[in-house]
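Take a look at the letters that make up each chain.
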Amino acid sequence: GQPLEEYWYDFSLNIWTGPHSFPAALISPYHNGTNDFILFAAGIDGKLWESKASPNAAATYTENGTPLSFVWRTTLVPDNDQLAANQIIQSALGLTLPSTQALTVTAFDDTGDTLGLVSVSGNGDPGSIWNAFNWGAATWGAAITPFRQYELPWPAPLVFKQMAVQINGQSVGGLVIGNFYAKYQILGYVGAQL
């Protein structure tokens, strides 16, 4: 009916983000040099939470002790304005993907049916944690992962009239999701779902 949902407006990018999952009933700016927020949750008395507007290297991605996850989804790709289905065989996703991160990428048609599902994992050395290794025996911190294109190896061609792509994963520092790229062709027939 009337859920409590938190949305943020980014004045630099001129965009809204949300809904965020915390049931915030009252939010107040907290000017401690980092422009954070203090939140009071609906239905939970006697507790305050701090929410960071800009995460730093020491940021944790938990909420009430539970690791945060995210869902990122595109809008439907535009209709091809022809009485024909589309097909994607090759596609890629622009990412900065930390070495410990794994994402699930799902393609849906315009009715919500799953067209395909793939997993994408980061690679490289996850690095060492300070005070958890002998000095000089390991590199402190993880290597910075560059932004690059990750191929999406779909198990079969994606055939659709309109399609959306969804990414699910755990929230971690250093993750950046960029553009979805696909080579598609207009097929010479009307698809069964049309």
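All values derive from a computational prediction rather than experimental measurement.

Definitions and limits used
- Residue numbers run consecutively from 1 along every chain, following the written order of its sequence.
- A pLDDT threshold of at least 70 governs which residues receive local features in this predicted model, and a stricter bar of 80 or more applies before side-chain atom pairs are shown or counted, although totals over entire chains, interfaces and linings include all residues.
- Only hydrogens and water are set aside; all other atoms, that is, all heavy atoms of the structure, feed into the side-chain values.
- Exposure classes here rest on a 1.4 Å probe applied to the protein chains alone. A residue is buried below 20% of its type maximum, exposed above 50%, and partly exposed in between.
- A helix here means a DSSP run of H or I that spans at least four residues, while a strand means a run of E at least two residues long, and both kinds are numbered starting from the N terminus.
- A pair of strands is treated as paired once DSSP finds two or more bridges between them.
- Think of pLDDT as the predictor's per-residue confidence, scored from 0 to 100.
- Any pair of nitrogen or oxygen atoms within 3.5 Å is treated as a polar contact; in protein, a donor-acceptor pairing is required on top of that, and neighbouring residues in sequence qualify only through side-chain atoms on both sides.
- Note on definitions: a residue-residue contact is assigned when non-hydrogen atoms from the two residues lie within 4.5 Å.
- All axes are obtained by fitting lines to C-alpha atoms, using only the stretch in contact for helices, and the reported angles, taken between N-to-C directions, cover 0 to 180 degrees.

Once that is clear, we can look at the pairing of strand β9 (residues 86-96). Most of β9 is tucked away: 9 of the 11 residues are buried. With 3 bridges connecting them, β9 and strand β13 (residues 158-160) associate as antiparallel partners. For glutamine 87, the partnering residue across the bridge sits in β13 and is valine 159. In this structure, β9 lies alongside strand β15 (residues 176-186), joined through 9 bridges in antiparallel fashion. Across the sheet, residue asparagine 86 finds its bridge partner in β15, namely isoleucine 186. Alignment of β9 against strand β12 (residues 148-151), held across 4 bridges, turns out to be antiparallel. Bridge pairing in β12 links glycine 94 to glutamine 149.

This paragraph deals with the confidence of the model for the chain. Per-residue pLDDT for the chain has a mean of 83; in total, 87% of the residues score no lower than 70. Predicted confidence in the chain is weakest over strand β6 (residues 62-63), with a mean pLDDT of 78, and strongest over strand β10 (residues 102-109), with 96.

Residue placement: asparagine 80 occurs in the loop between β8 (69-73) and β9. For asparagine 80, the side chain forms a polar contact with the main-chain nitrogen of glutamine 82, separated by 2.8 Å. In this structure the side chain of asparagine 80 is engaged in a polar contact, spanning 3.0 Å, whose partner is the backbone oxygen of alanine 84. Filtering out sequence-adjacent residues up to four positions away, asparagine 80 remains in contact with Ala85, Asn86, Lys161 and Ile186.

Right, let's get into the side chain of aspartate 36. Checked against the element boundaries, aspartate 36 lands in strand β4 (residues 36-41). Residue class for aspartate 36 comes out buried when judged on its relative accessible area of 2%. Apart from the residues lying within four places of it in its own chain, the contact partners of aspartate 36 are Ser28, Pro29, Tyr30, Glu50, Ser51, Lys52 and Ala53.

Moving on to the sheet that holds β10. Spatially, β8-β14-β10-β11 is the arrangement adopted by the 4 strands of the open sheet, whose pairing is antiparallel. Among the strands making up the open sheet, the edge pair consists of β8 and β11 (114-121). Strand-to-strand twist of the sheet, defined as the mean angle between neighbouring strand axes without regard to direction, takes the value 20°.

Turning our eyes to something else, we now look at the environment of proline 146. Its location among the elements puts proline 146 in the loop between β11 and β12. Those residues in contact with proline 146 that sit more than four places away from it in its chain are Leu95 and Thr96.

Before going further, it helps to spend a moment on the sheet that holds β4. What holds strands together in a sheet is hydrogen bonding between their backbones, with the strands either parallel or antiparallel. The strand order β3-β4-β5 describes an open sheet built from 3 strands, whose pairing is antiparallel. Each of the sheet's edge strands pairs with one partner strand only, and the pair in question is β3 (24-30) and β5 (49-51). Taken over all neighbouring pairs, the strand axes of this sheet differ in orientation by 30° on average, direction set aside. In the sheet, β3 pairs with β4 via 6 bridges, with the strands oriented antiparallel. By the bridge assignment for β4, proline 29 is matched with phenylalanine 37.

Here the focus is unusual backbone geometry. Excluding glycine, a negative phi dihedral is what most residues carry, and trans is how most peptide bonds are arranged. Not every positive phi belongs to a glycine, and asparagine 14 is a case in point at roughly 55°. Here asparagine 14 lies in the loop between β1 (6-10) and β2 (15-20). For asparagine 14, a relative accessible area of 53% corresponds to the exposed category. Positive phi is not limited to glycine here, since aspartate 81 has a value of about 60°. Within the secondary structure layout, aspartate 81 lies in the loop between β8 and β9.

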